[in-house]
Amino acid sequence: MAENAGRGIAEVAVEALSDPALKVRYEMAGAALSQPADSSPLSSSTIVILAGNNKSSIRALVAGRHLRNKGYDILVCLVGIERERDLLEELRRQVQLYRSFGGKILKKNDLFEQLRKATPAGTAGTVAGGPGTGRISVSLIIDALLGLTMSFEELRIGDQATVYELMEWANRNEAFVLSIDVPSGIDPGTGKVAIIDGSHLFVKPRYVVAVGAPKRGLVEAVTPPDEDDPLARVSGGAAQDEEWRLFIVDMGLGHAVWRKAGTKVRKGIDFDGKWVLEMKYRGLEAGSDDY
């Protein structure tokens, strides 16, 4: 199932790289830096995968392998790779498989150093690898830092600092973000935004890929908050001020799984021979059981 999920995620990643808004964003950045608009073409861009010790990262690594085999430049940063024996068994297997195809798994500091080395000499401006660094053409960031079962508070203290820095970096970066299942920092069960270091913080995606079925937290995040509930306006509806594009990957799940999913959909989705479909939230209409 990891291979199916990874292939679907890779398919959405390729579509994300052709997003016209991405080209506009880089043209604007090039103008701000007084550089030619084509000085950092998307064809030579880099995809960064931010991973942790969770099942979402297993799928992210599979996607990275597929993308790398298609010729894309991939950088994988895995939080906790220095304690490889503590990783999930399947994640360790995917790490070994990714390495066997020539890929490298980086720590946070190694990632930032790699970005600095790849930055053209004399380039100045926006942050790519940390404070005071130059700019590199990272066009897409795949977010799988926390996954579905691990909250920020449950991480080791050292890993909390690393994840916090990577989340901040992803949000500062000009690249679009593709989150797997639920953006890191949003509770997969409730859709509420995490409070980290005294403020609300979550990775802000352009794309979200639900694997198998949309998780309840994702549904809650895209559902407009109740205007009569002040707490809901503060902690719910995280996607209301963002433009998220939602996709779902076919995993061959039966009706029983759909009944347990986060939505009111009971019969599942007709993929019509496709592996990936785009979703749109349309609210709960009168007399309807569907979102």
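Every chain is numbered independently, its residues counted from 1 as its sequence is written. In view of the model being predicted, local features appear only for residues whose pLDDT reaches at least 70, and side-chain atom pairs are presented and counted only at 80 or more, with totals across whole chains, interfaces and linings using the full set of residues. Hydrogens and water are ignored here; the side-chain numbers use all heavy atoms of the structure.

Caption draft 1: Just the overall build of the protein, in detail. The helix and strand labels rest on DSSP assignments: H or I over at least four residues marks a helix, E over at least two residues marks a strand, and numbering proceeds from the N terminus. Counting its secondary structure elements, the protein contains nine helices and 10 strands. Working definition: with a 1.4 Å probe on protein chains only, accessible area under 20% of the residue-type maximum means buried, over 50% means exposed, and in between means partly exposed. By residue count, 51% of the 291 residues in the protein fall in the buried class. Every residue pair with non-hydrogen atoms within 4.5 Å of one another is taken to be in contact. Summarising the internal contacts of the protein: among those between residues at least 6 apart in sequence, 75% fall at separations of at least 24.

Caption draft 2: Local environment of the packing of aromatic side chains. Stacked, tilted and edge-to-face pairs are distinguished by plane angle, under 30 degrees for stacked and over 60 for edge-to-face with tilted covering the rest, among Phe, Tyr and Trp rings (Trp via its six-membered ring) whose centres lie within 6.5 Å. If you walk through the whole model with that rule in mind, you get three aromatic pairs. On the numbers, 6.5 Å between centres and 65 degrees between planes, the contact of Phe 176 with Tyr 207 is edge-to-face. Taken as a pair, Phe 176 in strand 5 (residues 176-180) and Tyr 207 in strand 8 (residues 207-211) lie far apart in primary sequence, 31 residues in all. Cluster of aromatic residues (ring-pair linked, three or more members): Phe 176, Tyr 207 and Phe 247.

Caption draft 3: Seen up close, the sheet that holds strand 5. Spatial strand order, 3-2-1-4-5-8-9-10: eight strands in an open sheet with mixed pairing. What marks the edges here is a single partner per strand, and that holds for strand 3 (105-106) and strand 10 (276-279). Two strands pair under a simple rule: DSSP has to find at least two bridges between them. Here strand 1 (residues 46-51) runs beside strand 4 (residues 138-144); their pairing, made up of six bridges, is parallel. What sits directly across from Val 48, in strand 4, is Ile 141. Where helix 3 (residues 55-69) meets the sheet, its contacts fall on strand 1, strand 2 (73-78), strand 3, strand 4, strand 5 and strand 8, and the angle it forms with strand 4 comes to roughly 150 degrees. The axes are straight lines fitted to the C-alpha atoms, using for helices just the contacting stretch, and the angles between their N-to-C directions are given from 0 to 180°. Contacts from helix 6 (residues 157-172) reach strand 1, strand 2, strand 4 and strand 5 within the one sheet, and its direction differs from that of strand 1 by about 150 degrees.

Caption draft 4: Highlighting helix 3. A helix is expected to reach a length of 1.5 Å times the quantity of its residues less one. Relative to the 21 Å expected for 15 residues at 1.5 Å per residue, helix 3 spans 22 Å between its end C-alpha atoms, a close match to the ideal helical length. Within helix 3, 11 of the 15 residues are buried, which leaves the element mostly enclosed by the surrounding structure. A positive backbone phi angle near 100 degrees is found at Gly 71, which sits one or two residues after helix 3.

Caption draft 5: Structural detail: the packing of helix 3 against helix 4 (residues 89-100). Where helix 3 contacts helix 4, the axes come no closer than 9 Å and their chain directions differ by 15 degrees. Judged by the angle between their axes, helix 3 and helix 4 are roughly parallel. Classified by chirality, the crossing of helix 4 by helix 3 is left-handed. Where helix 3 abuts helix 4, its residues Ser 57, Ile 58, Leu 61, Val 62, Gly 64, Arg 65 and Arg 68 lie against Glu 90, Leu 91, Gln 94, Val 95, Leu 97 and Tyr 98. The classification used treats Ala, Val, Leu, Ile, Met, Phe, Trp, Tyr, Cys and Pro as nonpolar, Asp, Glu, Lys and Arg as charged, and all other residues, Gly among them, as polar. In terms of residue class, the contact of helix 3 with helix 4 is made up of seven nonpolar, three polar and three charged. The cut-offs work like this: below 35 degrees is roughly parallel, past 145 is roughly antiparallel, 65 to 115 is roughly perpendicular, and the gaps in between are oblique. Left-handed is the label given to a crossing in which the near helix is rotated counterclockwise from the far helix by less than a right angle, and right-handed is the label when the rotation is clockwise.

Caption draft 6: Highlighting the pattern of salt bridges. Salt bridges, as used here, are contacts in which a Lys or Arg side-chain nitrogen is within 4 Å of a carboxyl oxygen on Asp or Glu. Per the stated rule, a full pass over the model turns up 15 salt bridges. Of the charged contacts, one joins Arg 116 and Glu 113 as a salt bridge, the two residues approaching to 3.2 Å between their closest N and O atoms. In this pair, Arg 116 and Glu 113 are both assigned in helix 5 (residues 108-118), three residues apart and thus about one turn of the helix distant. Residues joined in a network through salt bridges with shared partners are Glu 15, Arg 245 and Glu 278.

Caption draft 7: Region of the structure containing the nonpolar core. Definition of nonpolar core: a set of buried residues of the types Ala, Val, Leu, Ile, Met, Phe, Trp, Tyr and Cys, connected through side-chain atoms within 4.5 Å. In terms of nonpolar packing, the biggest core is built from 40 residues, with Leu 78, Ile 105, Leu 140, Ile 142, Leu 178 and Ile 180 touching the most fellow members. For this core, the leading source of residues is helix 1 (residues 2-17), giving eight residues. Not counting residues up to four positions away in its chain, the partners in contact with Leu 78 are Ala 51, Gly 52, Leu 87, Leu 91, Val 95, Ile 105 and Leu 106.

Caption draft 8: Structural detail: the pairing of strand 4. In terms of burial, strand 4 is largely enclosed, as seven of its seven residues are buried. Taken together, the four bridges between strand 4 and strand 5 define a ladder with parallel strand orientation. Note that in strand 5 the partner of Leu 140 across the bridge is Phe 176.

Caption draft 9: Region of the structure containing helix 1. An ideal rise of 1.5 Å per residue puts 22 Å on 16 residues; helix 1 measures up with 22 Å between its terminal C-alpha atoms. Among the residues of helix 1, Ala 2, Ala 5, Gly 6, Gly 8, Ile 9, Ala 10, Val 12, Ala 13, Ala 16 and Leu 17 are the ones counted as buried.

Caption draft 10: Looking closely at unusual backbone geometry. Of note in the backbone geometry, Asp 181 takes a positive phi value of approximately 70 degrees without being a glycine. Its location among the elements puts Asp 181 in the loop between strand 5 and strand 6 (195-196). Overall, the relative accessible area of 0% leaves Asp 181 in the buried class. Its identity as a non-glycine residue notwithstanding, Asp 197 has a phi of 55 degrees, on the positive side. Position of Asp 197 among the secondary structure elements: in the loop between strand 6 and strand 7 (199-200).

Caption draft 11: Expanded view of the packing of helix 1 against helix 3. For the pair helix 1 and helix 3, interaxial distance at closest approach is 7 Å and the crossing angle is 60 degrees. The orientation of helix 1 relative to helix 3 falls into the category oblique. For helix 1 against helix 3, the interelement crossing comes out right-handed. In contact with Ala 2, Glu 3, Ala 5, Gly 6, Arg 7, Ile 9, Ala 10, Ala 13 and Val 14 of helix 1, helix 3 contributes Ile 58, Arg 59, Val 62, Ala 63, Arg 65, His 66 and Leu 67. Each residue belonging to the contact of helix 1 with helix 3 can be placed in one class, and the counts come to 10 nonpolar, two polar and four charged.

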